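Coordinate inspection notes
Residues per chain are reported as follows:
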Amino acid sequence: MTEPATATPYSGTIPAQPGPRDVTDALPGRPGSTVEPENPEDPVGATTSVIPGAGPSASRPGERATLRLRDGGDGGDGEPARYAPEWLQLRESADAAARAYELLDPLRIRLANLPGRADGFVIHDIGCGTGSMGRWLAPHLDGAQHWVLHDRDPYLLHFAAVASPRSAADGSHVTVETRRGDVARLTSDALSGASLVTASALLDVLTRDELGALAAACAGAGCPALLTLSVAGRVELTAPHPMDQEITEAFNAHQRRDGLLGPDAATAAAEAFAEHGATVKLNPSPWRLGPEQAALTEQWLRGWVGAAVEERPELAARAGTYLAERLEACAEGELRVVVQHTDLLALCRPVGGTG
Ligand SMILES: C[S@@+](CC[C@H](N)C(=O)[O-])C[C@H]1O[C@@H](n2cnc3c(N)ncnc32)[C@H](O)[C@@H]1O
């Protein structure tokens, strides 16, 4: 997966930063982001594309929503999708609240039994985005940690580097380095010496082959994998509406476009790791969104309905009314949404004394 450190100006070991910072502090040109404004003419995003899992917000008709950070890389021209740091920032606290804490104890036990643990842990975060997984997990683990942050987008790696976690649960030092690369090319050699592989909100935007590469690399390196917040394809809105199921099904179909795993990701990952002899644990990790998370809920709603309409254009008129009603309820603090996700811990068989 990884490319030489010289492949990106952001590669290289970076000392721990003075405490987790707001990721968007690092946005160029703050205040006022580089993300395209929403299109008031097209509240559903029906004339736009929505990239699965990328996070919502409508853009100009004919453009991909969400990801117009810079030229290219919008997922519509054969280039990989790019994820807006604003969206990743918006979801970070909901992600942190949703994560399956039940998986931490078995992980801690596994890490505590590592032969070289006195030297600290090496943790690879695949598809790290702006680094939210490290900001959450590093302070939940004892011991010195070196995080290797992987992503194919060097722009996001920059954010991850500047907002890296400061210290472990017991105050031990945390350092980071960034590596640009694609998970499809990840190998067990690249994970040599790894104590743990993590990923968050990644599996559902992978293909089965990419997932297979990840599982094979982890199994080959004999290290455990904590793979969190894969969408489960189930959503509960309060109060229920007759269109909820129709939108859900169209959204899920959209997520499976182009061979992406979408809501099948956690099951596919469990199977892939089990085939390599790993012990796999799955736990729910739902977003529970209420009035406190109205900004996230609004953006999620726009993306969710927009993707559904892109998948089934015949829904556009009814979905427009539906979205307007849902947004009104959200603005009035009356909407509650549970978006189901799944966290997975794969305890791969140790190899060569590494795990
Ligand atoms: C939904 S974002 C999640 C980011 C971050 N893990 C988080 O939870 O905020 C998915 C991330 O995976 C990266 N990504 C997607 N497909 C990838 C691939 N095939 N190889 C490497 N990175 C990938 C994207 O660039 C993006 O940063």
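Going by the structure above, here's the rest.
These remarks concern the structure in this document.

Observations concerning the packing of aromatic side chains
Tallying each qualifying case throughout the model produces five aromatic pairs. Ring centres 4.8 Å apart and planes at 20° place the aromatic pair Trp-300 and Trp-304 in the stacked group. With a gap of four residues between them, Trp-300 and Trp-304 both fall in helix H8 (residues 294-311), about one helical turn apart. A relative accessible area of 1% means that Trp-304 is categorised as buried. Ring geometry for Trp-304 and Tyr-322: centres 6.4 Å apart, planes at 50°, overall tilted. Remark: Tyr-322 occurs in helix H9 (residues 316-331) and Trp-304 occurs in helix H8; sequence separation between them is 18 residues. Linked through ring pairs, Trp-300, Trp-304 and Tyr-322 together constitute an aromatic cluster.

Overview of the packing of H8 against H9
Interhelical geometry of H8 versus H9 gives an angle of 175° and a closest axis separation of 10 Å. Taken together, the axis directions place H8 and H9 in an arrangement best described as roughly antiparallel. Seen from H8, the contacting residues are Ala-294, Thr-297, Glu-298, Leu-301, Arg-302, Trp-304, Val-305 and Val-309; seen from H9, they are Ala-316, Ala-319, Tyr-322, Leu-323, Arg-326, Leu-327 and Cys-330. Residues that form the contact of H8 with H9 fall into these classes: 11 nonpolar, one polar and three charged.

Remarks on helix H7 (residues 265-275)
At 3.6 residues per turn, the α-helix brings residues three or four places apart onto the same side. Inspection of H7 places Ala-265, Ala-266, Ala-268, Ala-269, Ala-270, Ala-272 and Phe-273 among the buried residues, and these make up the whole buried set. Downstream of H7 by one or two residues, Gly-277 has phi in the positive range, about 90°.

Concerning the pairing of strand S3 (residues 145-151)
Within S3, seven of the seven residues are buried, leaving the element largely enclosed by the surrounding structure. Of the two faces of S3, both are covered, the one formed by Gln-145, Trp-147, Leu-149 and Asp-151 as well as the one formed by His-146, Val-148 and His-150. Across six bridges, the pairing between strand S2 (residues 121-126) and S3 is parallel. Paired with Val-122 across the bridge in S3 is His-146. Read from S2 through helix H3 (residues 132-137) to S3, the crossover connection turns out right-handed. Pairing geometry for S3 and strand S4 (residues 174-180), over seven bridges, is parallel.

Thoughts on the pattern of salt bridges
A full pass over the atoms with the stated rule returns 14 salt bridges. Among the ionic pairs, Arg-135 bridges to Glu-92, the shortest N-O distance being 2.8 Å. Taken together, the positions of Arg-135 in helix H3 and Glu-92 in helix H1 (residues 85-98) put the pair 43 residues apart, joining distant regions of the chain. Given a relative accessible area of 9%, Arg-135 falls into the buried group. A relative accessible area of 17% means that Glu-92 is categorised as buried. Between Glu-177 and Arg-179 there is a salt bridge, and its shortest N-O distance comes to 3.3 Å.

What to know about the site of the ligand
Taken together, 17 residues lie around the ligand, and Gly-127, Asp-151, Asp-182, Val-183 and Ser-200 are the ones closest in. One of the side-chain N or O atoms of Asp-182 is found 3.1 Å from a nitrogen atom in the ligand. Computed on the free molecule, the ligand has an accessible area of 580 Å², of which 100% lies beneath the protein chains in the complex. Partitioned by chemical class, the residues of the shell around the ligand number seven nonpolar, six polar and four charged.

Focus on the nonpolar core
Leu-214, Leu-237, Phe-273, Trp-287, Trp-300 and Trp-304 are the most contacted members of the largest nonpolar core, which has 69 residues in total. If one sorts the elements of this core by residue count, H8 sits on top with eight residues. The contact partners of Trp-287, leaving out residues within four places of it in the chain, are Trp-87, Arg-91, Ala-94, Asp-95, Ala-98, Leu-296, Trp-300, Val-337, Val-338, Val-339 and His-341.

Examining the environment of Ala-100
On the secondary structure map, Ala-100 appears in the loop between H1 and helix H2 (104-112). With sequence-adjacent residues up to four places away left out, Ala-100 is seen in contact with Asn-283, Pro-284, Ser-285 and Asp-343.

Thresholds applied
- Residues numbered from 1 in each chain as written.
- Predicted model: local features only at pLDDT ≥ 70, side-chain atom pairs only at ≥ 80, totals over all residues.
- Heavy atoms only, no water.
- Phe/Tyr/Trp six-rings, centres within 6.5 Å; stacked < 30°, edge-to-face > 60°.
- Helix = DSSP H or I, 4+ residues; strand = E, 2+ residues; numbered from the N terminus.
- Buried < 20%, exposed > 50% of the residue type's maximum accessible area, 1.4 Å probe, protein only.
- Axes fitted to C-alpha atoms, helices over the stretch in contact; angles between N-to-C directions.
- Parallel < 35°, antiparallel > 145°, perpendicular 65-115°, else oblique.
- Contact = heavy atoms within 4.5 Å.
- Nonpolar A, V, L, I, M, F, W, Y, C, P; charged D, E, K, R; others polar.
- Pairing = 2+ DSSP bridges.
- Right-handed = clockwise from strand over helix to strand, strands pointing away.
- Salt bridge = Lys/Arg side-chain N within 4 Å of Asp/Glu carboxyl O.
- Near = heavy atom within 4 Å.
- Polar contact = N/O pair within 3.5 Å; in protein donor to acceptor, adjacent residues only side chain to side chain.
- Areas by Shrake-Rupley, 256 points an atom, 1.4 Å probe, with all protein chains shown as cover.
- Core = buried A, V, L, I, M, F, W, Y, C linked by side-chain atoms within 4.5 Å.

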